Amino acid sequence: MGVFGSIAAIGAGIAVLGAGLGIGRIGGSAVEGIARNPEASGKIQTAMIIAAALIEGVALFGVVVGFLGGKVG
Amino acid sequence: MKGSTKEESFNVSEFIMHHIQDAHEWHLWGKDSSATSIYLPVILWDNGLKLFNAKHLYHGETIHIEGEEPVHYTVGTGAAKGYALCHEEIYKIKKGGLQFHEGHPTNVHPMDFSITKNVLALFIGSFLLVLLMVSTSNFYRKNGAVAPKGLAKFLEPIIVMVQDDIAKANIHGGKHKRYVGFLLTVFFFILINNLLGMIPVFPGGANLTGNITVTFFLAVCTLLITVFSGNKNYWKHIFATPGVPLALLPIMIPIEIIGIFTKPFALMIRLFANMTAGHIIVLALISIIFINKSEAWGLLSVPMALFISVLELLVAFLQAYLFATLSALFIGAAVEEDHH
């Protein structure tokens, strides 16, 4: 795979794809929840940020593994 | 992106790695031999204390090893005799230079307690943190519980936010008072060091929170506080989770025990990877100018880097808030009283 770079980068890209899908769904649900109940927007926002950060943490696990794999390859 | 066959082509990955990693000098400006840097003290324990200025290592003889992956290292002179520096790590060297195996030196490391760039950045960040907090508390000590002016006016809403939205909201039953100090420290330490890392000039610009040993230590603090604050209810949830049939317990208990460690581990990786990835993106965008060797590319590269930097400001604050919130959640779970 010398011409195109390491496979590890493709793995990292797939992990990020999963994160994008997940956080996109969270954002969508949060916005819909706020639209239905504007008074609860503070709580919904906090829950959205925490859930998004947890998913981003998992995606970054994938990126870190991609880094390590890229160095060996 | 590997360099082309022409000489002096710009090696992007080396440029990026050099700016992300720890170093024994703090590079201010200039290039290669005419560079201006602050050379930091090297403190080694190698059957005795060895103390010398890093410039003896950096100004030593540079040796290039050709091959599939060319490597170069510098051999120390003067007070640094007997040591060599390869990729910012110090090795003991005898006659014959460093021995390499698959691209990595196999010589022995002496025990390295040097003041490196990250250690100096830690001192600067901590000093700034203490300065800010002591000034704020001095205001209230002098004036009592009145509406603040100056620095205290700027910091009070943030401190109150940490106390109310992070500590009180996650640690129920009024027990948050014991842990507010830790949460405030963690929040402001991460925030200040993230923001300092965004500033390109000295004293900012060191990638401290992107150093995995620093985030490891912060995560260990959270782990220790969680484990040592655990009450009977917490340990009951781990070893005898209510509502689980007895046959499943041999599976649940190891999972719960591993869960005690994976939560701070995720905290560590999350902060490290977010900060390092942000720095890498900004550096890669700026490298566009140097790869194409023309200033005109700056018209594209600088606005993109600016946009990413604004995003990085948000990430700096968010990561501090998140680390504190998740720590508070774990501590809250540890001290929670039983309620059916």
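Residues numbered from 1 in each chain as written. Chains lettered and ligands numbered in written order. Predicted model: local features only at pLDDT ≥ 70, side-chain atom pairs only at ≥ 80, totals over all residues.

### Details of the overall build of chain A
In step 1: Scanning chain A from N- to C-terminus turns up two helices and zero strands.
In step 2: Out of the 73 residues belonging to chain A, those deemed buried represent 10%.
In step 3: Intrachain contacts of chain A at a sequence separation of at least 6 include 78% that bridge at least 24 residues. (Helix = DSSP H or I, 4+ residues; strand = E, 2+ residues; numbered from the N terminus. Buried ≥ 20, exposed ≤ 12 C-beta atoms within 10 Å, placed from the backbone. Contact = placed C-beta atoms within 7 Å.)

### Here's the deal with the pairing of strand S7 (residues 83–86) of chain B
All names here are of chain B.
In step 1: Where burial is concerned, the two faces of S7 agree: the one with Tyr83 and Leu85 and the one with Ala84 and Cys86 are both buried.
In step 2: As paired elements, strand S6 (residues 71–75) and S7 share two bridges and run antiparallel to each other. Considered in S7, the bridge of Thr74 is made with Leu85.
In step 3: In this sheet, strand S8 (residues 89–92) lies alongside S7 in antiparallel orientation, the contact comprising four bridges. Its bridge partner being in S8, Tyr83 is matched across the sheet by Lys92.
In step 4: In sequence, S7 turns back onto S8 through a hairpin of two residues, with His87 there showing a positive phi of about 50°. (Pairing = 2+ DSSP bridges.)

### Description of the environment of B:Ile308
Residues and elements named next belong to chain B.
In step 1: Inspection of the secondary structure puts Ile308 in helix H9 (residues 298–335).
In step 2: Residues Ile308 and Gly278 lie 30 residues apart in sequence; the distance between their C-alpha atoms is 7.9 Å.
In step 3: When sequence neighbours within four positions are dropped, the list of residues in contact with Ile308 reads Ile281, Val282 and Leu285.

### Some remarks on the packing of helix H4 (residues 151–170) of chain B against H9(B)
All names here are of chain B.
In step 1: Following both chains from N to C, one finds H4 and H9 inclined at 30°, their axes separated by 7 Å at the closest point. Taken as axis vectors, H4 and H9 run roughly parallel relative to one another. When you trace H4 past H9, the crossing you get is right-handed. Where H4 approaches H9, its residues Val162, Ile166, Ala167 and Asn170 are matched on the opposing element by Ala324, Thr325, Ala328, Leu329 and Gly332.
In step 2: A per-class count over the contact of H4 with H9 returns six nonpolar, three polar and no charged. (Axes fitted to C-alpha atoms, helices over the stretch in contact; angles between N-to-C directions. Parallel < 35°, antiparallel > 145°, perpendicular 65-115°, else oblique. Left-handed = near helix turned anticlockwise from the far one by under 90°. Nonpolar A, V, L, I, M, F, W, Y, C, P; charged D, E, K, R; others polar.)

### Focus on the sheet that holds strand S5 (residues 61–65) of chain B
Residues and elements named next belong to chain B.
In step 1: Pairing within the open sheet is antiparallel, and its four strands lie in the order S5-S6-S7-S8. Here the strands that pair on one side only, and so sit at the sheet edges, are S5 and S8. This sheet shows a mean twist of 30° between the axes of neighbouring strands, independent of strand direction.
In step 2: Direction of pairing for S5 relative to S6: antiparallel, over a ladder of five bridges. Along S6, the bridge assignment pairs Thr62 with Thr74.

### Here's the deal with the domain arrangement of chain B
In step 1: By the assigned domains, chain B splits into domain 1 (23–115) and domain 2 (118–335).
In step 2: When each unit is reduced to the centre of its C-alpha atoms, the spacing between domain 1 of chain B and domain 2 of chain B is 33 Å. (Domains from an automatic or database assignment.)

### What to know about the interface of chain B and chain A
Interfaces are often sized by the amount of accessible area the parts lose when they come together.
In step 1: Listed per partner, the contact involves eight residues of chain B and seven residues of chain A.
In step 2: Elements with a minimum of two residues in the side of chain B that touches chain A: helix H8 (249–292) and H9 of chain B.
In step 3: Considering each element in turn, the side of chain B that touches chain A owes the most residues, six residues, to H8(B).
In step 4: Classifying every residue of the side of chain B that touches chain A by side-chain character gives five nonpolar, two polar and one charged.

### Some words on the nonpolar core
In step 1: By size, the foremost hydrophobic cluster in this structure holds 43 residues, and its most contacted members are B:Leu183, B:Val186, B:Phe187, B:Ile190, B:Ala320, B:Phe323 and B:Ala324.
In step 2: Looking at this core, the elements that each hand over two or more residues are helix H2 (41–72) of chain A together with H4, helix H5 (180–198), helix H6 (212–229), H8 and H9 of chain B.
In step 3: Top element by residues in this core is H9(B). It accounts for 11 residues.
In step 4: Residues in contact with B:Ile190, not counting those within four places in the same chain, are B:Thr209, B:Leu271, B:Gln319, B:Ala320 and B:Phe323.
In step 5: B:Ala54, B:Tyr83, B:Ala84 and B:Cys86 belong to the second largest nonpolar core, which has 14 residues in total. (Core = buried A, V, L, I, M, F, W, Y, C linked by C-beta atoms within 7 Å.)

### Quick word on H8(B)
Residue and element names in this part refer to chain B.
In step 1: The terminal C-alpha atoms of H8, which comprises 44 residues, lie 61 Å apart, in line with the 64 Å expected from a rise of 1.5 Å per residue.
In step 2: At Ile260, H8 is bent by approximately 30°, the largest bend along its length, and proline Pro264 sits one to four residues beyond.
In step 3: Two residues or fewer after H8 comes Lys293, characterised by a positive phi angle close to 55°. (Expected span 1.5 Å × (residues − 1). Bend = angle between axes of the 7 residues up to and from the residue.)

### Overview of the packing of H6(B) against H8(B)
Residues and elements named next belong to chain B.
In step 1: With their axes 8 Å apart at the nearest point, H6 and H8 run at an angle of 150° to one another. One element, H6, and the other, H8, form an angle in the roughly antiparallel class. As for how H6 packs across H8, the hand of that crossing is right-handed. Taking contact as the criterion, the partners of Ile212, Thr215, Phe216, Ala219, Val220, Thr222, Leu223 and Val227 in H6 are, on H8, Ile260, Pro264, Phe265, Leu267, Met268, Leu271 and Phe272.
In step 2: Partitioning the contact of H6 with H8 into residue classes produces 13 nonpolar, two polar and no charged.

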